[in-house]
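Each chain is listed here by its residues.
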Amino acid sequence: MKTWEDIGETQSTIAKILKNSVLKNRLSHAYVFEGGRGTGKKNVAVLLAKTFFCKEKLEAEPCQQCRDCKRIDSGNHPDIHLIQADGSSIKVDQIRELKKDLSLRGMESRKKFYIVEETEKMTPAAANSILKFLEEPDGEALAILLTTHVQRILPTVLSRSQVLSFAPLPPDKFIEKLVENSIPEKDARVISQITSDLEEGIQLCQDNWFAQARSKVIQLTDEVSLRPKNAFITLQEEWMPFFKEKSEIQLGIDLIMIWYRDVIRMQVDQTNQLVYIDQEDKLQDQALKLSQRKLGNNLQAVMDAKRRLDANTAPQLLMEQLLLRLQEG
Ligand SMILES: [Zn+2]
């Protein structure tokens, strides 16, 4: 159960705009909510629906207790219509069905609220049909069109809607969300440095993949530091068979970069900002062993490896050369 105050913590501009429009009674007929996954678009749509229907609201804040609020929470308010893709698109027939449904059932109230998911999948006919809904004179209707791909939305839709852009979550909120999705905090912290897309973060953790990737990075950097000769064997036997796809190799290199940044944080006593939170001992060892100049060189070597991967250098070769540079005195 979200309130505008909750939403304000992560999407303050959007909360402000919508609250103001409610208070001034100037809501648009159609909004496009665009932004990455996990940015709370649907939560805001549901809260706006409550604000739209609740008769007991205090300023813009719905009461959360009346019949309208409760029915919205349980997902069965008769005047809220969720439109989702049927297969790969949202077809005009779906909108026609909905219209027929509405006329058969008779109006519970004159207010209607539509939430369209994956709006980029609407066919032009479906889009026109839904926009017509909003222009019907005998009622008050509002549509929220959700999308992660605003550039694919039809210009006719965009020009008749107010577009609100949802910013990615700040790292601490993002970590919180990952932890809520049963991802251990030690993994969540590292993931927050790699992506701000919640779904992508959750995906990375499937089958324990991310936790393994993370421990391979710890193992490799540890060997570079303590048992340089073993590092090449580890690369051969552990690293290469695990980081196979280009995107995985990229991620492995990014994780090494984050590691050395942590070693630098250790040196300058910013331990409260560590990313590998459970590795203080190893980070401390390396922070004592490596000079600032050497750490700078290490980061440079990792960045060069990234560039070479983009330029399609063979992964085996670029990783071996990276290890050699990390081991130089
Ligand atoms: Zn209410």
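Sequence order as written defines the numbering, with residues in each chain counted from 1. Thresholds applied to this predicted model are a pLDDT of at least 70 for local features of residues and 80 or more for the giving and counting of side-chain atom pairs; totals over whole chains, interfaces and linings are not thresholded and use all residues. Remark: hydrogens and water are excluded; side-chain values derive from all non-hydrogen atoms of the structure.

Per an unreviewed UniProt entry, the recorded name for the protein is DNA polymerase III subunit delta', and the organism is Salipaludibacillus neizhouensis. Under Catalytic activity (unreviewed entry), UniProt gives the following word-for-word description of the protein: "DNA(n) + a 2'-deoxyribonucleoside 5'-triphosphate = DNA(n+1) + diphosphate". UniProt positions are given in the numbering used here, feature names are shortened, and annotations may be inferred rather than shown by experiment.

A few words on the sheet that holds strand β5 (residues 162-166). Paired strands, in this sense, are two strands between which DSSP finds at least two bridges. To qualify as a helix, a DSSP run of H or I must reach at least 4 residues; to qualify as a strand, a run of E must reach at least 2; elements of each kind are numbered from the N terminus. With parallel pairing, the five strands of this open sheet are ordered in space as β2-β3-β4-β1-β5. Strands with a single pairing partner mark the edges of an open sheet, and in this sheet they are β2 (80-83) and β5. Within this sheet the neighbouring strands show an average axis-to-axis angle of 15°, counted without direction. Sheet topology note: the strand β1 (residues 30-35)/β5 ladder contains five bridges and is parallel. Counted as the bridge partner of Phe33 is Leu164 from β5. To define axes, lines are fitted to C-alpha atoms, for helices over the stretch in contact only, and angles between the resulting N-to-C directions are given on a 0 to 180 degree scale.

Attention shifts here to helix α2 (residues 12-23). Counted at 1.5 Å a residue, the expected span for α2 with its twelve residues is 16 Å, and the 16 Å between its end C-alpha atoms agrees. For every residue, the accessible area (1.4 Å probe, protein chains only) is compared with the maximum for its type, and the residue is labelled buried under 20%, exposed over 50%, or partly exposed between those bounds. Those residues of α2 lying buried are Ile14, Ala15, Leu18, Ser21 and Val22. Axial view of α2: buried residues confined to an arc of 140°, hence all on one face. Looking at α2, the residues exposed on the side facing more than 90 degrees away from the buried face are Thr13 and Lys16. The criterion used for residue contact is that any of the two residues' heavy atoms lie within 4.5 Å. Of the surrounding elements, those touching the buried residues of α2 are α1 (4-10), β1, α3 (41-53) and β5. Each helix should span, by expectation, one fewer than its residue count multiplied by 1.5 Å. By definition, the arc is the one covered by directions from the helix axis to the C-beta atoms.

Take the layout of surface pockets next. Method remark: on a 1 Å grid restricted to protein atoms, a set of points is classed as a cavity if a 1.4 Å probe fits but cannot get out and as a pocket if it is open with protein on both sides within 12 Å along at least five of seven lines; lining residues have an atom within 4 Å of a point. Grid points are joined across faces, edges and corners, and a volume is the space filled by probe spheres set on the points. When its volume is computed, the largest pocket comes out at roughly 450 Å³. Together, 18 residues line the largest pocket, and Arg37, Gly38, Lys41, Lys42 and Thr148 are the ones closest to its centre. When residues of the lining of the largest pocket are traced back to their parent elements, those giving at least two are α3, β4 (140-147) and α10 (198-204). When residues of the lining of the largest pocket are assigned to their parent elements, the largest contribution, three residues, is made by α3. All amino acids are sorted into three groups, where Ala, Val, Leu, Ile, Met, Phe, Trp, Tyr, Cys and Pro are nonpolar, Asp, Glu, Lys and Arg are charged, and the leftover types, Gly among them, are polar. Its residues placed into classes, the lining of the largest pocket shows two nonpolar, seven polar and nine charged. Here the second largest pocket defines a volume of roughly 270 Å³. Surrounding the second largest pocket, 16 residues form its lining, Val22, Asn25, Leu27, Phe52 and Glu140 being those nearest its centre.

With that settled, the discussion passes to the pattern of salt bridges. Here a salt bridge means any side-chain nitrogen of Lys or Arg lying within 4 Å of a carboxyl oxygen belonging to Asp or Glu. Within the structure shown, the criterion is met by 19 salt bridges. The residue Lys112 makes a salt bridge to Asp79 at a minimum N-O spacing of 2.5 Å. You can see Lys112 sitting in strand β3 (residues 111-116) and its partner Asp79 sitting in the loop between α4 (67-73) and β2, a full 33 residues away along the chain. Assigned by exposure class, Lys112 and Asp79 land together as buried. With a closest N to O distance of 3.0 Å, Lys121 and Glu118 form a salt bridge. Each of Lys186, Asp187, Arg214 and Asp278 takes part in a single network of salt bridges with overlapping partners.

Before going further, it helps to spend a moment on α3. Given a rise of 1.5 Å per residue, 13 residues ought to cover 18 Å, and the 19 Å separating the end C-alpha atoms of α3 matches this to within 8%. Taken together, the buried positions of α3 are Lys41, Val44, Ala45, Leu47, Leu48, Ala49, Lys50, Thr51, Phe52 and Phe53.

A few words on the pairing of β1. Burial analysis of β1 places six of its six residues in the buried class, which makes it a mostly covered element. Burial along β1 is two-sided: Ala30, Val32 and Glu34 facing one way and Tyr31, Phe33 and Gly35 facing the other are all buried. Pairing of β1 with β4, which is carried by five bridges, proceeds in the parallel orientation. Pairing of Ala30 across the sheet is with Ala143, part of β4.

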